[in-house]
Amino acid sequence: MPIHQLVQVGRTSGGVVLPKSELRALGCVGEDGNVKSHPVRITQTDDATWEVSLIDPNDFPDAEAESVNSTA
């Protein structure tokens, strides 16, 4: 399993680069070779474990409402 570096994203966030080959296999790369905008859910499952899940774009408003409701 490859190791990836955590990087600064803007002033208030951090990120990890996902392999484009894996994203391409999931249909997340366009014909122009650029990564398509796609909603994802990031869930912390343990102290140092995070899960990234692709969300069906048609379900995105429901997923956003679910996130808001779970923090209320």
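One can find the structure itself at the top, above this paragraph.
Our subject in this report is the structure included herewith.

Cut-offs used in this document
- Residues numbered from 1 in each chain as written.
- Predicted model: local features only at pLDDT ≥ 70, side-chain atom pairs only at ≥ 80, totals over all residues.
- Heavy atoms only, no water.
- Helix = DSSP H or I, 4+ residues; strand = E, 2+ residues; numbered from the N terminus.
- Buried < 20%, exposed > 50% of the residue type's maximum accessible area, 1.4 Å probe, protein only.
- Contact = heavy atoms within 4.5 Å.
- Areas by Shrake-Rupley, 256 points an atom, 1.4 Å probe, with all protein chains shown as cover.
- Pairing = 2+ DSSP bridges.
- Patch = residues over 30% accessible without salt bridge, like charges linked within 9 Å, V, L, I, M, F, W, Y side chains within 5 Å.
- Salt bridge = Lys/Arg side-chain N within 4 Å of Asp/Glu carboxyl O.

**Overview of the overall build of the protein**
- What the protein contains, in helices and strands, is two helices and four strands.
- Traced from its N-terminal end to its C-terminal end, the protein shows the element sequence β-β-α-β-β-α.
- Burial analysis of the protein (72 residues in total) assigns 11% to the buried set.
- The long-range fraction of contacts in the protein, counting pairs at least 24 apart against all pairs at least 6 apart in sequence, stands at 6%.
- Accessible area of the protein: about 6300 Å², with a carbon and sulfur share of 52%.

**Looking at the environment of isoleucine 55**
- Note on placement: isoleucine 55 falls in the loop between strand 4 (49-54) and helix 2 (60-71).
- Overall, isoleucine 55 belongs to the buried group, its relative accessible area being 10%.
- For isoleucine 55 and valine 40, which are 15 residues apart along the polypeptide, the C-alpha to C-alpha distance reads 5.3 Å.

**Observations concerning the pairing of strand 4**
- As defined by bridge partners, strand 3 (residues 40-46) adjoins strand 4 across six bridges and the pair is classed as antiparallel. Looking at strand 4, one finds that glutamine 44 is bridged to tryptophan 50.
- Counted between consecutive antiparallel strands, the loop separating strand 3 from strand 4 contains two residues.

**Things to note about the environment of arginine 41**
- For arginine 41, the position within the fold is in strand 3.
- C-alpha separation for the pair arginine 41 and glutamate 51, spaced ten residues apart in sequence, amounts to 7.9 Å.

**Thoughts on a nonpolar patch on the surface**
- Judged by side-chain polarity, Leu18, Leu26, Val40, Ile42, Trp50, Val52 and Leu54 come together as a nonpolar surface patch covering roughly 680 Å² of accessible area.
- Put simply, the parts of the chain that give the nonpolar patch at least two residues each are strand 3 and strand 4.
- No other element matches the three residues that strand 4 contributes to the nonpolar patch.
- Following the sequence through the fold, leucine 18 ends up in the loop between strand 2 (13-16) and helix 1 (20-25).
- According to the relative accessible area criterion, leucine 18 is partly exposed, its value standing at 44%.

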